[in-house]
Amino acid sequence: MQSDHDERRQNPRVAFEAKGRFLAPDGSEHTCSIRDMSLGGIALTTDVVLDPGAQIIVYLDDYGRFEGKVVRCYEGGFAIETSIAGPRRERLRQRLEALARGEKLEISARRAFARYAPGEAGLEESSVLTLADGESMPCRIIDMSLGGAQVAVENRPPIGTEVSIGRMSGRIVRHTEEGIGIQFTNMPEKAAALSRPFG
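Heads up: these notes are all about the structure in this document. This one's a predicted model, so the numbers in the text were calculated from it and none came from an experiment.

**A short note on the pattern of salt bridges**
When their charged atoms lie close together, side chains carrying opposite charge are able to pair.
For step 1, the next point in the chain: In total, this model carries five salt bridges according to the counting rule given.
For step 2, the next point in the chain: A salt bridge links R65 to E67; its shortest N-O distance comes to 3.5 Å.
For step 3, the next point in the chain: Residue class for R65 comes out buried when judged on its relative accessible area of 5%.
For step 4, the next point in the chain: A salt bridge links E90 to R93; its shortest N-O distance comes to 2.3 Å. You can see E90 and its partner R93 sitting in helix α2 (residues 86-100), three residues apart, about one turn around the helix.

In structure tokens, the structure reads:
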């Protein structure tokens, strides 16, 4: 079992600023900002006080969505431990190294990470969109945030239509070139319920 010192040495923390939001265990959503980040965790600045061990979901502008538990608290915020692997870990490592060298994130990269893609959280893109009357149709998740999703679908139901996708329900708020935009209307009672919303 590696010690805190080993973790810090293997995954150096990089201090920079980025805004975000997080979903607390009670389902409430709050604003936050990054204090520093490493491959193994994120230190956040926020007025909200959470207990160690609390499981939360964080959406950070330009960096996507992270899940983790609170491992330490300090005045003005707390730190969470995260676990990411595969291509996403490598991309994050490269970006943190670039930030540590003082390089700025390219605009194209900022756009690519403005909302997280399903693959960024290990989710399947293919899903099923179900209407209130029970009709269902195959769809593809383009991207999502804590509050909604962009979905590619062949037939676009009217704006205002109540729909569900996976365990999340919402309503269609816009039509896009590829499909529809959905605003979620059911925030889960526990943040963990958002872990794999499209199952």
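Next comes the rest of the description.
**Thoughts on α2**
For step 1, the next point in the chain: Between its terminal C-alpha atoms α2 stretches 21 Å, which fits the 21 Å expected from 15 residues at 1.5 Å a residue.
For step 2, the next point in the chain: Elements in contact with the buried residues of α2: β1 (14-15), β3 (29-38) and β6 (64-74).
For step 3, the next point in the chain: Positive backbone phi, at 90°, marks G102, one or two positions downstream of α2.

**Considering the nonpolar core**
For step 1, the next point in the chain: Counting 24 residues, the largest nonpolar core has M37 and L60 as its most contacted members.
For step 2, the next point in the chain: Those elements that place two or more of their residues in this core are β3, β4 (41-45), β5 (55-60), β6, β7 (77-82) and α2.
For step 3, the next point in the chain: L60 has contacts with K19, G20, C32, I34, M37, I42, L44 and F66, leaving out every residue within four places of it along the chain.
For step 4, the next point in the chain: Core analysis: the next-biggest nonpolar cluster, separate from the first, contains 16 residues, L131, V163, I165 and I180 among them.

**Observations concerning the sheet that holds strand β13 (residues 179-184)**
Note: strands within a sheet are paired through backbone hydrogen bonds, in either parallel or antiparallel orientation.
For step 1, the next point in the chain: Pairing within the closed barrel is antiparallel, and its six strands lie in the order β8-β9-β10-β13-β12-β11. Across the sheet, the mean angle separating the axes of adjacent strands is 45° when strand polarity is ignored.

What counts and what doesn't
- Residues numbered from 1 in each chain as written.
- Predicted model: local features only at pLDDT ≥ 70, side-chain atom pairs only at ≥ 80, totals over all residues.
- Heavy atoms only, no water.
- Salt bridge = Lys/Arg side-chain N within 4 Å of Asp/Glu carboxyl O.
- Buried < 20%, exposed > 50% of the residue type's maximum accessible area, 1.4 Å probe, protein only.
- Helix = DSSP H or I, 4+ residues; strand = E, 2+ residues; numbered from the N terminus.
- Expected span 1.5 Å × (residues − 1).
- Contact = heavy atoms within 4.5 Å.
- Core = buried A, V, L, I, M, F, W, Y, C linked by side-chain atoms within 4.5 Å.
- Pairing = 2+ DSSP bridges.
- Axes fitted to C-alpha atoms, helices over the stretch in contact; angles between N-to-C directions.

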